Amino acid sequence: MLDAMIDPPQKLQQFASDNYSGICPEALDYLHKANGGDVPAYGNDIWTERAANQFRELFERDCEVFFVFNGTAANSLSLASLCQSYHSVICHETAHIETDECGGPEFFSNGSKLLLAPGENGRLDPHAIEPLITRRRDIHYPKPKVISITQATELGTVYSVEHLLELRHVADRHQLKIHMDGARFANAVVSLGKTPAELTWKVGVDVLCFCGTKNGMPVGEAIIFFDQKLAEDFAYRCKQAGQLASKMRFISAPWLGLLETGAWFKNAEHANAMAAYLEAQLLQLPEVKLMFPREANGVFVALPEVVATGLRSCGWLFYTFIGVGGVRLMCAWNTTKESIDALIEDVRSLLGTAD
Ligand SMILES: *Cc1c(COP(=O)(O)O)cnc(C)c1O
C-alpha cells in the first residue's frame, strides 16, 4: 500500500524518448542469426560487410561506412575528422552536439569550437549563419569549417530539400563541409517523401550519422562518409576512442535486419503516424498548445504546470529540458494507439481538475 503511494504506476509504454523502446523484431531476428557461430572480430565479418553494402545500395553511392556504439561518438568523431583543432563548427543553438554531448565534439577534435546560430523551429537559417561565417576573417577567430544540421531537428521539424540546398550554397561560398546528425534521419526520410540520397549527398551532405538505436536497434549508429577521402584513417579514430566493437557483428547484423527487410522505413513510418495521431488528439484540447509544427515523430506541447505534474504522478515519463522547454512527447516503432489514448485520457482528466 505504502509502495503504491510512493511509486507511480508503471506504464507499458512511455513517450519520453524513442530510445526508451525495445528492440524491433527484425533487428532481434538478425541478432539471433548473427549469434549462430564464430566469425572474425573487429568488423572483419560477413554481417558487417553485408550491412555496409546495404548502406551503399540504399544511398546509391560507394560510401564509406563505420559502426559505433552511440550518437555522441558518431557526431564527435565525424566532426573531429572534418576539423583541425583551430576550426569551428556552425550549429543551431539547440543542437544535440551543443546541449547534450558533454563537450564531446570539442574534446575529440582537440578544441574545435561550436558557433551557435539561431533559427526558427530548430532549423538553421542560411541568412543568419552567413554573418557568423564572415564576421571575422582574422587569425584570432576559429576558422569556420563545418555546418552541422540535425535531421529531423531537435524540435521535431525537418529540413526540406530546398532548405538543405540553401545551406549547401552558403557552404560552397565559404568552402565548408556539411555534417548531418541523423538521430532521426529515417523519420525525416518518411516525412519528406524523398530518398536517402536526395536528402544527403545529392544536396551536398558530406557525412551522415545515421541512428539505429532510436529506429529499433538494441544499440549502434552508422557513420556514412559520402566523400571517401574524408574517411581516411577514420578507423583509427574509432579505435582510439573506444568505439571499435570487437564483436561488431552484434551492431552490424541488426542494421542489416533493418535494411534488408525495410524495417528502418516501416518503423519510422509507424512512429511518425503515431505522432500525427497524438498531435491530432492533443489539438482537440483547447488548453494544450503545440509549440512547433509536428513534422516527424515528436510532439512538443505547452501544458499547464498542474497537468505536467499530474501526468508524472500518474506514472508518465517525459522530458521538459529539450530545446526551449515544454513537454516533449516522442513516438517510436512500437508506440500503440492504446498508449496514446491512455495518455490523452489522463491529460483530459487532469485538465478537468485544473479548472
Ligand atoms: C539521441 C540523439 C543523439 C544520440 O545520442 P546518444 O545518446 O549519444 O546515442 C544525437 N543527436 C540527437 C539529435 C539525438 O536526439
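Residues numbered from 1 in each chain as written. Predicted model: local features only at pLDDT ≥ 70, side-chain atom pairs only at ≥ 80, totals over all residues. Heavy atoms only, no water.

## Let's talk about the overall build of the chain
In step 1: For the chain, the count of helices and strands is 14 helices and 10 strands.
In step 2: Its C-alpha atoms give the chain a radius of gyration of 21 Å, within 12% of the compact-globule value 20 Å for 355 residues.
In step 3: Reported as C-alpha extents along the three principal axes, the dimensions of the chain are approximately 60 × 55 × 40 Å.
In step 4: Looking at the chain as a whole, 54% of its 355 residues qualify as buried.
In step 5: Of the roughly 15,600 Å² that the chain leaves accessible, carbon and sulfur atoms contribute 53%.
In step 6: Here the chain carries 31 positive and 43 negative side-chain charges, and the mean point of each set is 5 Å from the other. (Helix = DSSP H or I, 4+ residues; strand = E, 2+ residues; numbered from the N terminus. Rg over C-alpha atoms; globule rule 2.2 N^0.38 Å. Buried < 20%, exposed > 50% of the residue type's maximum accessible area, 1.4 Å probe, protein only. Areas by Shrake-Rupley, 256 points an atom, 1.4 Å probe, with all protein chains shown as cover. Lys, Arg positive; Asp, Glu negative; His and termini not counted. Charge placed at Lys NZ, Arg CZ, Asp CG, Glu CD.)

## Considering the packing of aromatic side chains
In step 1: Taken as a whole and judged by the stated rule, the model has 18 aromatic pairs.
In step 2: Ring plane angle 50° and centroid distance 5.9 Å describe the contact between F15 and W316, whose orientation is recorded as tilted. Of this pair, F15 sits in the loop between α1 (2-6) and α2 (25-34) while W316 sits in the loop between α13 (305-313) and β10 (327-330); the two residues are 301 residues apart in sequence, bridging distant segments of the chain.
In step 3: Residue W316 is classed as buried on the basis of its relative accessible area, which comes to 3%.
In step 4: Taken together, a centroid distance of 4.8 Å and an interplanar angle of 65° make the contact between F225 and F234 edge-to-face. Each member of the pair F225 and F234 is classed as buried.
In step 5: An aromatic cluster of three or more residues is present, and its members are F55, F59, F67, F185, F210, F226, W255, W264 and F265.
In step 6: Lying across the ring of W201, R61 places its NZ or CZ 4.6 Å from the centre. (Phe/Tyr/Trp six-rings, centres within 6.5 Å; stacked < 30°, edge-to-face > 60°. Lys NZ or Arg CZ within 6 Å of the ring centre and 35° of its normal.)

## Some words on the side chain of T335
In step 1: Tracing the backbone through its elements, the reader meets T335 in the loop between β10 and α14 (337-354).
In step 2: Reaching out from T335, the side chain makes a polar contact with the backbone nitrogen of A332 at a distance of 2.7 Å. (Polar contact = N/O pair within 3.5 Å; in protein donor to acceptor, adjacent residues only side chain to side chain.)

## So, the site of the ligand
In step 1: In the vicinity of the ligand, the contacting residues are N70, G71, T72, N75, H96, E101, T150, E154, D181, A183, R184 and K214.
In step 2: Side-chain polar atom of H96 to a nitrogen atom of the ligand: 3.4 Å apart, as the coordinates give it.
In step 3: Protein chains shield 82% of the accessible area of the ligand, which is 390 Å² for the free molecule.
In step 4: In terms of residues, the shell around the ligand owes the most to one element, helix α4 (residues 71-82), which gives three residues.
In step 5: Here the residues of the shell around the ligand are counted per class, giving one nonpolar, six polar and five charged. (Near = heavy atom within 4 Å. Nonpolar A, V, L, I, M, F, W, Y, C, P; charged D, E, K, R; others polar.)

## Quick notes on the sheet that holds strand β2 (residues 87-92)
In step 1: The sheet built from seven strands is open, its strands ordered β1-β7-β6-β5-β4-β2-β3 with mixed pairing. Strand pairing shows two members of the sheet lacking a second neighbour, β1 (64-68) and β3 (113-117), which therefore form its edges. Averaged over all neighbouring strand pairs, the angle between strand axes comes to 20°, with direction disregarded.
In step 2: Relative to strand β6 (residues 207-211), strand β5 (residues 177-182) runs parallel, the two being bridged by four bridges. (Pairing = 2+ DSSP bridges. Axes fitted to C-alpha atoms, helices over the stretch in contact; angles between N-to-C directions.)

Such coordinate-based values are descriptive only and should not be taken to indicate function.
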